[in-house]
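# Observations on chain architecture
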Amino acid sequence: MKKLIAGNWKMNGSLAANETLIQGLLAGLANSAPSCDIALCVPSVYIAQVQSLLADSNAIAVGSQNVSQHENGAYTGDVSAEMLAEVGVRYSLCGHSERRQHQAENDTHVAIKAQRALMAGITPIVCVGETLSEREAEMAEVVVKRQLAAVIRLLGSSIDKIIVAYEPVWAIGTGRTATPEQAQQMHAVLRAQLQSATENADKIRLLYGGSMNAGNAAELLAQPDINGGLVGGASLKSADFLAIIAAAR
Ligand code: PEP
């Protein structure tokens, strides 16, 4: 399966910094064609700028970091799936742990967001992952399976159209990465859960996220059930992101 390397810029960037970063990525990709799909999930205000910087290249797709669970109307500050689709967004992160933590998004919200994205023709990247205390309490599998189960329940047979990102919360932005064995083990659990929901489970891309960088990407991406990466900090430097792209064979 073709891997996907998706960058998550989080709340970072500026018009000038984005331009430098995109130019660096395009220059790097011009030298060697990537063998994976690439996406950048950027702050919504920069979607138009990034698209215009990417205009002559179809190597990189643009994604959003969130999508409203509401269709339209009196939801000040929200951006709907239809709006994102209208401006050409291809992927939406749904339920990133920072939103679960700081914006009180729960499993039900996340499932509805994924459904809204799909209905608008956007591929949701549904993020799941346990906290450190949940892992220490040996609850990691229970938590992650509960998070995915909510999405499976709502989407039914459309579950094969999503992407899942396993992002252990203790590894996000901490420099502490899950070992390839830990990541593979949880990906296998997720794959098995998807297998009981759809006969197409083997075609669903499962991304690993959590301090992925140029040094650890190759080993993580070599695991049989890891089909790509969701990359935060290392997506903000073109050389680092390009090295991860190169590791995705
Ligand atoms: C993320 O934001 O999804 C992420 C994985 O961040 P980082 O790579 O910085 O840990």
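Below is a summary of the structure that appears in this document. As the structure is a prediction and not an experimental result, all values here were calculated from the model. (Residues numbered from 1 in each chain as written. Predicted model: local features only at pLDDT ≥ 70, side-chain atom pairs only at ≥ 80, totals over all residues. Heavy atoms only, no water.)

In this section: the state of the cysteines. A disulfide bridge is the covalent bond that connects two cysteines by way of their sulfur atoms. Under the definition given, this model contains zero disulfides. Just so you know, Cys36 is unpaired, no disulfide at all, and the nearest cysteine sulfur is the one on Cys41, 14 Å from it. Of all cysteine sulfurs, the one in Cys94 lies closest to Cys127, which takes part in no disulfide; the gap is 7.6 Å. (Disulfide = S-S within 2.5 Å.)

Structurally, the position occupied by Pro124 is in strand S5 (residues 123-128). A sequence separation of 34 residues divides Pro124 from Arg90, and the C-alpha atoms of the two residues are 8.6 Å apart. Excluding anything up to four places from it in sequence, Pro124 contacts Ser92, Cys94, Ala114, Ala117, Leu118, Lys161, Ile162 and Ile163. (Helix = DSSP H or I, 4+ residues; strand = E, 2+ residues; numbered from the N terminus. Contact = heavy atoms within 4.5 Å.)

Counting 65 residues, the largest nonpolar core has Ile5, Leu194 and Tyr208 as its most contacted members. Broken down by element, the residue count for this core peaks at six residues, all from helix H7 (residues 140-155). Once residues lying within four places of it in the same chain are set aside, the contact partners of Leu194 are Leu148, Ile152, Ile159, Val164, Ala201, Ile204 and Leu206. Within the second largest apolar cluster, 13 residues are counted, among which are Leu4, Cys41, Ile125 and Leu230. (Core = buried A, V, L, I, M, F, W, Y, C linked by side-chain atoms within 4.5 Å. Buried < 20%, exposed > 50% of the residue type's maximum accessible area, 1.4 Å probe, protein only.)

Moving on, we get to the pattern of salt bridges. Within the structure shown, the criterion is met by ten salt bridges. A salt bridge links Glu130 to Arg135; its shortest N-O distance comes to 2.7 Å. A single network of salt bridges, built from pairs that share partners, joins Lys2, Asp37 and Arg205. (Salt bridge = Lys/Arg side-chain N within 4 Å of Asp/Glu carboxyl O.)

Between two packed helices, what matters for the description is the angle formed by their axes and the separation of those axes. One way to put it is that H7 packs onto helix H8 (residues 180-195) with a least axis distance of 10 Å and a crossing angle of 35°. Considering how the two elements wind past one another, H7 and H8 form a crossing that is right-handed. Contacts between H7 and H8 involve Ala140, Glu141, Val144, Lys145, Leu148, Ala149 and Ile152 from the former and Gln185, Met186, Val189, Leu190, Gln193 and Leu194 from the latter. When its residues are assigned to classes, the contact of H7 with H8 shows nine nonpolar, two polar and two charged. (Axes fitted to C-alpha atoms, helices over the stretch in contact; angles between N-to-C directions. Left-handed = near helix turned anticlockwise from the far one by under 90°. Nonpolar A, V, L, I, M, F, W, Y, C, P; charged D, E, K, R; others polar.)

Okay, the side chain of Asp225 next. The topology assignment puts Asp225 in the loop between helix H9 (217-221) and strand S8 (228-231). For Asp225, a relative accessible area of 15% gives the class buried. Here the side chain of Asp225 touches Arg191 through a polar contact of 2.9 Å, side chain to side chain. Those residues in contact with Asp225, other than ones at most four positions away along the chain, are Gln184, His187, Ala188, Arg191 and Leu206. (Polar contact = N/O pair within 3.5 Å; in protein donor to acceptor, adjacent residues only side chain to side chain.)

Before going further, it helps to examine the site of the ligand. The immediate surroundings of the ligand are formed by 14 residues, with Lys10, Glu167, Gly173, Ser211 and Gly232 found nearest. Note that an oxygen atom of the ligand is positioned 2.8 Å from one of the side-chain N or O atoms of Lys10. In the model, an oxygen atom of the ligand is placed 2.7 Å from a nitrogen or oxygen of the Glu167 side chain. If the ligand stood free it would expose 290 Å²; the protein chains cover 96% of that surface. Looking at the shell around the ligand residue by residue, the classes come out as four nonpolar, eight polar and two charged. (Near = heavy atom within 4 Å. Areas by Shrake-Rupley, 256 points an atom, 1.4 Å probe, with all protein chains shown as cover.)

So, about H8. An ideal rise of 1.5 Å per residue puts 22 Å on 16 residues; H8 measures up with 22 Å between its terminal C-alpha atoms. Within the span of H8, buried status applies to Pro180, Ala183, Gln184, Met186, His187, Val189, Leu190, Arg191, Gln193 and Leu194. In the core, the buried residues of H8 are packed alongside S5, helix H6 (132-136), H7, strand S6 (163-166), strand S7 (206-209) and H9. (Expected span 1.5 Å × (residues − 1).)

Functional significance is not addressed by these values, which are geometric in nature.
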